[in-house]
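Residue strings, one per chain:
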Amino acid sequence: MEDRAPEEDQGNILEFRLPDLGEGLTDAELVSWSVGVGDTVQLNQTIADVETAKAVVSLPSPFSGTVIELLARPGETIAVGAPLIRVRNDLAVVPEGANGRTSVLVGYGPEGETASRRRRKITELTAPQESSAAEPVDSGMDRAAATPGARKLAKELGIDLWYVAGSGPDGAVTVEDVRGAVPVSQPRAAATRADGPAAPTPSVTDPNAGNIRPASREERTPISGIRKRTAAAMVASARTIPQAGTFVTIDFTASMELLDHLRTTKTFEGLTLTPLALVAKSVLAALAEYPGMNAFWDEANQQIVTKHYVNLGIAVATERGLLVPNLKEAQALSLRDLCREIGWLAETARSGSATPTDLRGGTFTITNVGVFGVDAGVPLVNPGEAAILCLGSIRKRPWVFRDELAIRWVTTIGISFDHRMIDGELAARFLATVAGLLEDPLTLLGRM
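Criteria and thresholds
Residues numbered from 1 in each chain as written. Predicted model: local features only at pLDDT ≥ 70, side-chain atom pairs only at ≥ 80, totals over all residues. Heavy atoms only, no water. Helix = DSSP H or I, 4+ residues; strand = E, 2+ residues; numbered from the N terminus. Buried < 20%, exposed > 50% of the residue type's maximum accessible area, 1.4 Å probe, protein only. Axes fitted to C-alpha atoms, helices over the stretch in contact; angles between N-to-C directions. Parallel < 35°, antiparallel > 145°, perpendicular 65-115°, else oblique. Left-handed = near helix turned anticlockwise from the far one by under 90°. Contact = heavy atoms within 4.5 Å. Expected span 1.5 Å × (residues − 1). Pairing = 2+ DSSP bridges.

Visitor: Describe in detail unusual backbone geometry, supporting the description with residues and values.
Guide: Phi is positive for R402, close to 55°, though the residue is something other than glycine. Relative to the elements of secondary structure, R402 occurs in the loop between β18 (395-401) and β19 (404-418). On the accessibility criterion, R402 (72% relative accessible area) is exposed. Here D403, not a glycine, exhibits a phi torsion of approximately 65°, which is positive. Tracing the backbone through its elements, the reader meets D403 in the loop between β18 and β19.

Now the structure itself:
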């Protein structure tokens, strides 16, 4: 894809900057472009998809014209207010939101500061001069970070440096990285034409000789998007929350029998009723009895904030990584509502259509590692919450039932909690209450 239009009389050049997506977001990762250089775009036409706060958002064009330059590559993280695209527009008036004003994407929050809306022309950026050190990517996006020797060798061998993992300073591609990217069939003479020592000759005694190149033995993946944000949240959790955990193994047979019965009723017709929905209902009932589990530690104000509403987070594994959308006001939902909403929430997360609102404001989280065949887990508490409950796999196992050995449905539930505000006694009582409701789910009737 060409990134810049040929030099010509470009008329009024409008620059679209990454808009404020709201909720305190400061940057976004470019997922993909929907237009290319030379394309004609119309007002409000989608030009790109960006990912921020674990949600994918489509960006509409604030003006019409012809695309002359794309200023970012997919996978790059762009700060709010940074330029994304330049469009030639022959109108006499520059549309609002172009050239210097950080616009606000409709539906994602207000913008606090507004820059001048005066029309101006965009001058050509001056490319940085080459140096002997590793060179950064320039504004035209036609160069990857690489040493001069690596760049020379890549040109001789016809290798695109964008697809070579760099091992030098700041990820710069070195001569050895380029040599490692040469196919096995590549003539050895060509790989030694650049400055630097020749690549080592594989040993004839090595069974993998000639089949493994340095660059193919490891893979470097940029830390971005969901992985970057998940990492930041988990580091914050581990550094700021002193966490403890407790577990209990329970007889889940009565719950399984109840679920089997409910699936045959008209109330749940057309719905996928899973054990997770019943666990969620039991958790909500227990939170009503133990509100201290539905709180968070306000370090700045030195307060424990107890919430008398529940935004129930459900951890969802997606192709892009872990997401935790939450059900707002979940304490008011019936079992049927929970069944429907959990299914909708999981589908929304997996399809990439969850909004920042869906992913923010959780007060308590449930994670289900049992779907992966795992008996138990020790999850980290989400920052801003007090605890997270983990549901393990539900299996038929030997169990002592009414003083006799029987085959029963058995599972393990565990909880990780913030020990600054939750003592072991409170966590244990809460978990025991959830366990009791699941062992005898008919007792939920008295709590609805």
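Visitor: How would you sum up the packing of helix α5 (residues 275-289) against helix α6 (residues 335-351)? Please name residues and give values.
Guide: Viewed as axis vectors pointing N to C, α5 and α6 meet at an angle of 125°, and their least axial separation amounts to 9 Å. The angle between α5 and α6 places the two elements in the oblique class. Pair α5 / α6 crosses with right-handed handedness. For the pair formed by α5 and α6, the contact residues are L276, A277, L278, A280, K281 and L284 on the first element and L335, L338, C339 and I342 on the second.

Visitor: How would you explain the environment of K152 if you had to name every residue and give the values?
Guide: Its location among the elements puts K152 in helix α1 (residues 148-157). A sequence separation of 26 residues divides K152 from V178, and the C-alpha atoms of the two residues are 9.9 Å apart.

Visitor: Report on helix α8 (residues 424-439), specifying residues and quantitative values.
Guide: Here α8 contains 16 residues, and its C-alpha end-to-end distance of 22 Å stays within 8% of the 22 Å for a straight helix at 1.5 Å per residue. Among all positions in α8, only A427, F430, L431, T433, V434, A435, L437 and L438 are buried. As for α8, its buried residues are in contact with β9 (243-251), α4 (253-263), α5, β16 (364-368), β17 (387-391) and β19.

Visitor: I'd love a proper account of the sheet that holds strand β3 (residues 40-41), names of residues and values included.
Guide: Ordered by their spatial adjacency, four strands build an open sheet running β1-β8-β6-β3, and the pairing between neighbours is antiparallel. The open sheet has two edge strands, β1 (12-17) and β3, and neither has a second partner. Two elements, β1 and strand β8 (residues 83-89), share six bridges in a ladder whose sense is antiparallel. Of the residues in β8, the one forming a bridge with I13 is R88.

Visitor: Which residues make up the side chain of E29, and what values go with them?
Guide: Its place among the elements puts E29 in strand β2 (residues 27-33). Exposure remark for E29: the relative accessible area of 10% places this residue in the buried category. In this structure E29 touches D49, V50, E51, G75, E76, T77, S224 and G225, once residues within four positions along its chain are discounted.

Visitor: A description of the pairing of β17 should follow, citing residues and the corresponding values.
Guide: Buried residues dominate β17, accounting for five of its five residues. Here β17 shows two buried faces, one formed by A387, L389 and L391 and the other by I388 and C390. Where β16 lies against β17, four bridges are found, and the strand directions are parallel. Looking at the pairing, T367 lines up with C390 of β17.

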